[in-house]
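# Observations on the three-dimensional arrangement
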Amino acid sequence: MNPASPLSQASPSPSPSPALSRVRHSLAPWTRIAGLTVCALLTLGPVVWTVSTSLRTPAQSFDLPPRIIPAHPTTAAYRGVFQQIDVWLLALNSTLVTALIALGQMVTAGLAGYAFARLEFRFKKPLFGLVLATMMVPLQVTIVPVFLVLKSMHLTDTLLGLIIPAFPTAFGTFLMRQYFLGMPKDLGEAAMLDGAGPWRIFRSVYAPLAAPGLAIVGVLAFNYHWNEFFRPLILETSSQNYTLPLGLVSLQGNLGTGSISVVLAGVVLSMLPALAVFVVGQRPLREGITSAGVNR
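All of these numbers come straight from a predicted model, not from anything done at the bench. (Residues numbered from 1 in each chain as written. Predicted model: local features only at pLDDT ≥ 70, side-chain atom pairs only at ≥ 80, totals over all residues. Heavy atoms only, no water.)

## A few points about the overall build of the protein chain
What the protein chain contains, in helices and strands, is 14 helices and zero strands. Listed by position from the N terminus, the elements making up the protein chain come as α-α-α-α-α-α-α-α-α-α-α-α-α-α. When burial is assessed residue by residue, the protein chain has 33% of its 296 residues classed as buried. Accessible area for the protein chain stands at about 18600 Å²; split by element, carbon and sulfur atoms hold 71% of it. (Helix = DSSP H or I, 4+ residues; strand = E, 2+ residues; numbered from the N terminus. Buried < 20%, exposed > 50% of the residue type's maximum accessible area, 1.4 Å probe, protein only. Areas by Shrake-Rupley, 256 points an atom, 1.4 Å probe, with all protein chains shown as cover.)

Below you can see the structure in the form of structure tokens.
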């Protein structure tokens, strides 16, 4: 008689007891909640500390042990911001620059994404690969040629010098291409049978359906360029053309001797417009991401 094989001799692995399964099932939600709580504290902690410090006097900013809730909150730091810099002019410049950049990127990303997704032309794939390759080039590498081109066009130290070079967006082009690829081709073919050309098909058929994706591009562009510091620092020299992040630097004072409460009060003020845009655009942003995932 042949000996039994090792597989027949192996005993089945014991199944977990019902009590152990209930314990694991009850601990799973608490584990997720604990993990999300830690992530929320790490994310919101600096923001809470910034707001708290902006409501203190400069002397209270260095109290030991530090207090999250100020003992005697005051808005003197916010009044100091308006006394030291022209907040309204800086906010107007930033709003104008970021709003036009957001609109420009929505237009260029929509057109380029539609062309790469739906139109057929020579060297389409190499050109799209070249567009994606620009995402790996740091801004610091291209700032010198951009500055020389703008100088030859007499656009340095102007708001247009900040706006026009930011219209092309490789990420927005990639995002909108993927968005258009997820739409059915039957819509465009039906419009083509009715005599519509490529531009009419884009404007009347695909562009309205791509509104959530364009909203994603606009919200992300606004939040990024509202906080942009490097390009305004290089391209702008006159204080009347400063954007808000660049103007907040003057609150630090000579050799960083300014009040930390005033500096952080300016930071809080600069966060409010970006926060408002995110709150307003949160719904189309969420719907755009969800619908893009469904279309896949």
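## Regarding the pattern of salt bridges
Summed over all chains, the structure comprises two salt bridges. Glu 228 serves as the salt-bridge partner of Arg 231, at 2.6 Å between the closest nitrogen and oxygen. (Salt bridge = Lys/Arg side-chain N within 4 Å of Asp/Glu carboxyl O.)

## Let's talk about the side chain of Ser 261
In this structure, Ser 261 sits in helix H14 (residues 260-295). The buried category is assigned to Ser 261, whose relative accessible area is 1%. In terms of polar contacts, Ser 261 uses its side chain to reach the backbone carbonyl oxygen of Thr 57, at 3.5 Å. Not counting the four nearest positions on each side in its chain, Ser 261 is found in contact with Thr 53, Ser 54, Arg 56, Thr 57, Pro 58, Ser 61 and Ala 77. (Polar contact = N/O pair within 3.5 Å; in protein donor to acceptor, adjacent residues only side chain to side chain. Contact = heavy atoms within 4.5 Å.)

## A word on helix H3 (residues 76-84)
Where H3 is concerned, the buried positions are Ala 77, Tyr 78, Gly 80 and Val 81. Buried residues of H3 fall within an arc of 155° about the axis and therefore sit on the same side. (Arc of directions from axis to C-beta.)

## A closer look at the packing of aromatic side chains
Counted according to the given criterion, the structure contains 10 aromatic pairs. Relative to Phe 128, the ring of Phe 116 lies with its centre 5.2 Å away and its plane at 55°, an arrangement referred to as tilted. Here Phe 116, found in helix H4 (residues 87-118), pairs with Phe 128, found in helix H5 (residues 124-133); they are 12 residues apart in sequence, far enough to count as distant. For the pair shown, Phe 116 and Phe 128 are each scored as buried. Where Phe 222 meets Trp 226, the ring centres are 5.7 Å apart and the plane angle is 15°; that geometry is what we call stacked. Within this pair, Phe 222 and its partner Trp 226 are both found in helix H11 (residues 211-226), separated by four residues, close to a single helical turn. (Phe/Tyr/Trp six-rings, centres within 6.5 Å; stacked < 30°, edge-to-face > 60°.)

## Considerations on the environment of Glu 236
Its location among the elements puts Glu 236 in the loop between helix H12 (230-235) and helix H13 (244-248). Considering only alpha carbons, one finds Glu 236 and Leu 162, 74 residues apart in sequence, at a separation of 8.6 Å.

## Some remarks on a nonpolar patch on the surface
On the surface, a nonpolar cluster with roughly 510 Å² of combined accessible area is contributed by Leu 44, Val 48, Trp 49, Ile 68 and Ile 69. By secondary structure assignment, the location of Ile 69 is in the loop between helix H2 (18-54) and H3. (Patch = residues over 30% accessible without salt bridge, like charges linked within 9 Å, V, L, I, M, F, W, Y side chains within 5 Å.)

## Remarks on the environment of Ser 250
As for its position among the elements, Ser 250 is in the loop between H13 and H14. Each C-alpha atom, one on Ser 250 and one on Ile 85, is 7.8 Å from the other, the two residues being 165 residues apart in sequence.

## A few points about the packing of helix H9 (residues 185-193) against helix H10 (residues 198-209)
Contact geometry of H9 with H10 gives a least axis separation of 10 Å together with a crossing angle of 160°. Here H9 lies roughly antiparallel to H10, going by the angle between them. Crossing handedness for the pair H9 and H10: right-handed. Contacts between H9 and H10 pair Lys 185, Leu 187, Gly 188, Ala 191 and Met 192 from the former with Ile 201, Val 205, Tyr 206 and Leu 209 from the latter. Residue classes in the contact of H9 with H10 are distributed as seven nonpolar, one polar and one charged. (Axes fitted to C-alpha atoms, helices over the stretch in contact; angles between N-to-C directions. Parallel < 35°, antiparallel > 145°, perpendicular 65-115°, else oblique. Left-handed = near helix turned anticlockwise from the far one by under 90°. Nonpolar A, V, L, I, M, F, W, Y, C, P; charged D, E, K, R; others polar.)

## Describing the side chain of Glu 228
Structurally, the position occupied by Glu 228 is in the loop between H11 and H12. For Glu 228, the side chain forms a polar contact with the side chain of His 225, separated by 3.0 Å. Residues contacting Glu 228, with those up to four places away along its chain left out, are Leu 139, Thr 243 and Pro 245.

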